[in-house]
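Remarks on the overall topology
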Amino acid sequence: MSECFSLAFGIGTQNSAGNWIEVYYPQPMLNPDSALIDVVSEQLGYSEGNQAISFSTSQCAALASALKQAGFAEASALIEQMASSTRPLVATVLATDEAPVSTPEAYLKLHLLSHRLVKPHGVVLAGIFPLLPNVAWTNHGAIDVNELPQRQLAARLQGQSLVVNSVDKFPSMTDYVAPSGIRIADTARVRLGAYVGEGTTVMHEGFINFNAGTAGTSMVEGRISAGVFVGKGSDLGGGCSTMGTLSGGGNIVISVGEGCLIGANAGIGIPLGDRCTVEAGLYITAGIKVTLLDDADNLVEILKARDLANQSDLLFRRNSQTGAIECKTNKSAIQLNDMLHAHN
């Protein structure tokens, strides 16, 4: 068997029509050993390409034994545990990193991000939205939205309470994986598919979308939109925002370099280099006019913010008297409070 991009064994949920609505992969693998793929091929009938293969609990014993004999003890132990599952099982093989074509494939790619096996923009997610059905995420697990009324009635008739936490395409990341060394005050605000680097703290109003996140040691009290990646040591103040590309933001990939500070209620529509600061309340969009100043606060030129994209050591501020947006060299790069992240 040739090289494979990813493999995972999952436990999922199907609706009454037998369609997948979500899949949990406890141990997704990136670039698995070709011998492991050979076992899957022999035991589950995998042939080639990207494929989600349903298998039964009765097949677990033979699969676990074959994996153990091939030297894959960890995978074997997982399959042995899966033999007791009351939910459908699936083995998803991604021979190549192509756009997903099934719900199990889409969920595997989201897992790869949240398990920190790939970084944002490190995996193809084109066409993922139609593959993620709207799901009622409840204390009884994932429920197809169309089947929710009947499930609510059934719960009431049994004297139970069915609590709907959200109705969305994306579940909470921590319902699937809680990466090491992080703190999240409100787990509903970090979606599966977020990459949350070690040392990151996400406060109650912080939000991290899928295919976005932090490299680590960041305090997130604002919004990290889809596609945005924040470098180490950068902090996002309360209520601030980073412009994504899903809602008319264009094709510019927004990112934040290392050691940056985006002040409270501020925002960016351009990528920042390292050690940049955006004053509280100031939203920098790509086309906004910026007055560039030298160290003595003398005018150098007036240009559009996009012309400063990815440049380091910049301070963006608004002149309190004229209202003009100004930019000058940031001589006092922020120093992250290490105590905030020391106990993650």
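Since this is a predicted model, take the numbers as computed values, not measurements.

Once that is clear, we can look at the side chain of Ser114. Summarising the element assignment, Ser114 is placed in helix H4 (residues 103–114). Judged by its relative accessible area of 0%, Ser114 falls in the buried class. Looking at Ser114, its side chain comes within polar contact range of the main-chain oxygen of Ala194, at 2.8 Å. Beyond its immediate sequence surroundings of up to four residues, Ser114 is in contact with Met173, Val177, Pro179, Arg191, Leu192, Gly193 and Ala194.

As a further point, take the packing of aromatic side chains. All told, the structure shown has 6 aromatic pairs when counted by the stated rule. An angle of 85 degrees between the planes, with centres 5.8 Å apart, marks the rings of Phe129 and Phe210 as edge-to-face. With Phe129 in the loop between H4 and strand S6 (135–138) and Phe210 in the loop between strand S12 (207–208) and strand S13 (212–214), this residue pair connects regions lying 81 residues apart in the sequence. Taking the relative accessible area as the measure of exposure, Phe129 reaches 35% and is therefore partly exposed. Arranged with centres 4.6 Å apart and planes meeting at 25 degrees, the rings of Phe170 and Phe210 form a pair that is stacked. With a gap of 40 residues between them, Phe170 in the loop between strand S8 (164–168) and strand S9 (183–184) and Phe210 in the loop between S12 and S13 connect regions that are remote in the sequence. What makes Phe170 buried here is its relative accessible area of 3%. A relative accessible area of 5% places Phe210 in the buried class.

The 4 strands are arranged S10-S13-S16-S19 in an open sheet whose pairing can be described as parallel. Each edge of the open sheet carries a strand with a single partner, namely strand S10 (194–196) and strand S19 (255–256). Where strand S16 (residues 229–230) and S19 come together, 2 bridges link them in parallel fashion. Paired with Val230 across the bridge in S19 is Val256.

Our focus in this paragraph is the nonpolar core. Counting 38 residues, the largest nonpolar core has Leu272 and Phe316 as the members making the most contacts within it. When contributions to this core are tallied by element, the ones reaching two or more residues are S10, strand S24 (289–293), strand S26 (314–318) and strand S27 (325–329). Residues Leu108, Val118, Val123 and Leu132 belong to the second largest nonpolar core, which totals 28 residues.

Cut-offs used in this document
- Residues numbered from 1 in each chain as written.
- Predicted model: local features only at pLDDT ≥ 70, side-chain atom pairs only at ≥ 80, totals over all residues.
- Heavy atoms only, no water.
- Helix = DSSP H or I, 4+ residues; strand = E, 2+ residues; numbered from the N terminus.
- Buried < 20%, exposed > 50% of the residue type's maximum accessible area, 1.4 Å probe, protein only.
- Polar contact = N/O pair within 3.5 Å; in protein donor to acceptor, adjacent residues only side chain to side chain.
- Contact = heavy atoms within 4.5 Å.
- Phe/Tyr/Trp six-rings, centres within 6.5 Å; stacked < 30°, edge-to-face > 60°.
- Pairing = 2+ DSSP bridges.
- Core = buried A, V, L, I, M, F, W, Y, C linked by side-chain atoms within 4.5 Å.

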